[in-house]
Amino acid sequence: MELKDVKLTKQMAKAFAIAEQECKQAGSPCLMPEHLLIGCLDDGSSPIKEAIQKSNIDINVMKKSFNQSHENLSFEICTPFKMPISESANLVIEQAISYMRNYNQIYLNEGHVLKALIKSGQTGKLLTQEQKNILLSVATVSRDMHLDLAGYSPPKNLYSAIKMVSDGDAERLIQFINNEFGTRWTQSIKQALMIKHPSIYIAEDQSGEIVGFAAFDIHQTGYFGPMGVAKNKRALGIGESLLHVALEGMQRKGYKDIIIDDAGPIEFYEKTCNAKVIPLIK
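All values derive from a computational prediction rather than experimental measurement. (Residues numbered from 1 in each chain as written. Predicted model: local features only at pLDDT ≥ 70, side-chain atom pairs only at ≥ 80, totals over all residues. Heavy atoms only, no water.)

A. Up close: the overall build of the protein. Each helix and strand counted, the protein has 11 helices and 11 strands in total. Computed over the C-alpha atoms, the radius of gyration of the protein is 21 Å, within 12% of the 19 Å expected from 2.2 N^0.38 for a compact globule of 282 residues. Counting the 282 residues in the protein, one finds 51% classified as buried. Once local pairs closer than 6 in sequence are excluded, the contacts in the protein between residues at least 24 apart make up 69%. Total accessible area on the protein is roughly 14600 Å²; 48% of this is exposed by carbon and sulfur atoms. With 31 positive and 32 negative side-chain charges, the protein shows a spacing of 3 Å between the two charge centroids. (Helix = DSSP H or I, 4+ residues; strand = E, 2+ residues; numbered from the N terminus. Rg over C-alpha atoms; globule rule 2.2 N^0.38 Å. Buried < 20%, exposed > 50% of the residue type's maximum accessible area, 1.4 Å probe, protein only. Contact = heavy atoms within 4.5 Å. Areas by Shrake-Rupley, 256 points an atom, 1.4 Å probe, with all protein chains shown as cover. Lys, Arg positive; Asp, Glu negative; His and termini not counted. Charge placed at Lys NZ, Arg CZ, Asp CG, Glu CD.)

What follows is the structure in structure tokens.
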């Protein structure tokens, strides 16, 4: 899969734009891994801001330490960039895309690229080992998020074919989850299905097939998750609708503050319901 065929999160698109701008300002004939690193670190997302603060990364100092060698240039322009990129930068992006696919996601985000930069050794002279470890543990992983439901109200025009799960849906829901996401959620969903009126919603397509689900109070009271949508049905608003329907359910249950459990990708929840990443304790 090439970058031109990959969807980017809004933050990733911003990070790439910053990287390209940094490349031009540095007078580099091609985009290097260093420029990708600056783009990811300077994109303004809350997990990266937290990682920078915890690791004492100084972006301006980092810029001054760039290696100005421009060997192994790629002579092809890699969309969405409007300039050539180095072979090393191209390899980083390819690795980031492989992470995205391994996580069963369809949007490339800055966490994928940061992880690829660090794991590929392209940040060796720019970051200390401690800084790398902090970035990996804070900015490239799923995080718990907080949402205040006091002022929450769902949008209109949600995906209409969403309902609470019934006893007759149990077997096919488990099969859907196993087929789309493997077995990581299977046991907890099976246990939840054993109680009366479990807090699980399913979305169906026109033929009645399950295409997504969302749950809350599965692992812990007051926690939203897990949630998943069939890979071939994403970016159609089904995930957003499942989230909002479940949040309404949590409101009706009397919750004022909730936790979104192990949220990823984070930007989806920031954009969809204005949830906030919970800072990690030092």
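Still more ground to cover, so stick around.
B. Main features of the pattern of salt bridges. Enumeration according to the criterion identifies nine salt bridges in this entry. Residue Glu204 is joined to Lys163 by a salt bridge in which the shortest nitrogen-to-oxygen separation is 3.8 Å. Placement of Glu204 in strand E7 (residues 200–204) and of Lys163 in strand E6 (residues 162–164) is noted, with a sequence separation of 41 residues between them. Overall, the relative accessible area of 14% leaves Glu204 in the buried class. (Salt bridge = Lys/Arg side-chain N within 4 Å of Asp/Glu carboxyl O.)

C. Summary view of helix H8 (residues 170–181). Here H8 is 12 residues long and its end C-alpha atoms lie 16 Å apart, about the 16 Å a rise of 1.5 Å per residue gives. The complete set of buried residues in H8 reads Ala170, Leu173, Ile174, Phe176, Ile177 and Phe181. Seen end-on, H8 carries its buried residues on one side only, within an arc spanning 160°. Of the exposed residues in H8, those oriented more than 90 degrees away from the buried face are Glu171 and Asn179. Taken together, the buried residues of H8 touch helix H9 (186–193), E7, strand E8 (210–216) and strand E9 (223–229). Phi for Gly182, located one or two positions after H8, is positive at around 80°. (Expected span 1.5 Å × (residues − 1). Arc of directions from axis to C-beta.)

D. The pairing of E7, seen in detail. Of all five residues in E7, five are buried; the element is thus mostly enclosed. Pairing geometry for E6 and E7, over three bridges, is antiparallel. Residue pairing in the sheet places Met164 in a bridge with Tyr201 of E7. Here five bridges tie E7 to E8, and the two strands are oriented antiparallel to one another. Bridge assignment links Tyr201 to a residue of E8, and that residue is Ala214. Turn length for the E7-E8 hairpin, with the two strands adjacent in sequence and antiparallel, is five residues, and the turn residue Gly208 shows positive phi of about 90°. (Pairing = 2+ DSSP bridges.)

E. Highlighting the state of the cysteines. Taken as a whole, this structure holds zero disulfides when the rule is applied. Left without a disulfide partner, Cys23 is nearest to the cysteine sulfur of Cys30, which lies 6.5 Å away. Taking relative accessible area as the criterion, Cys23 reaches 0% and is therefore assigned buried. (Disulfide = S-S within 2.5 Å.)

F. Just the packing of helix H5 (residues 87–102) against helix H6 (residues 110–119), in detail. Following both chains from N to C, one finds H5 and H6 inclined at 125°, their axes separated by 8 Å at the closest point. By the angle between their axes, H5 is oblique relative to H6. For the pair H5 and H6, the sense of crossing is right-handed. In this structure, H5 uses Val92, Gln95, Ala96, Tyr99 and Met100 to contact H6, whose residues at the interface are His112, Val113, Lys115, Ala116, Leu117 and Lys119. Residue classes in the contact of H5 with H6 are distributed as seven nonpolar, two polar and two charged. (Axes fitted to C-alpha atoms, helices over the stretch in contact; angles between N-to-C directions. Parallel < 35°, antiparallel > 145°, perpendicular 65-115°, else oblique. Left-handed = near helix turned anticlockwise from the far one by under 90°. Nonpolar A, V, L, I, M, F, W, Y, C, P; charged D, E, K, R; others polar.)

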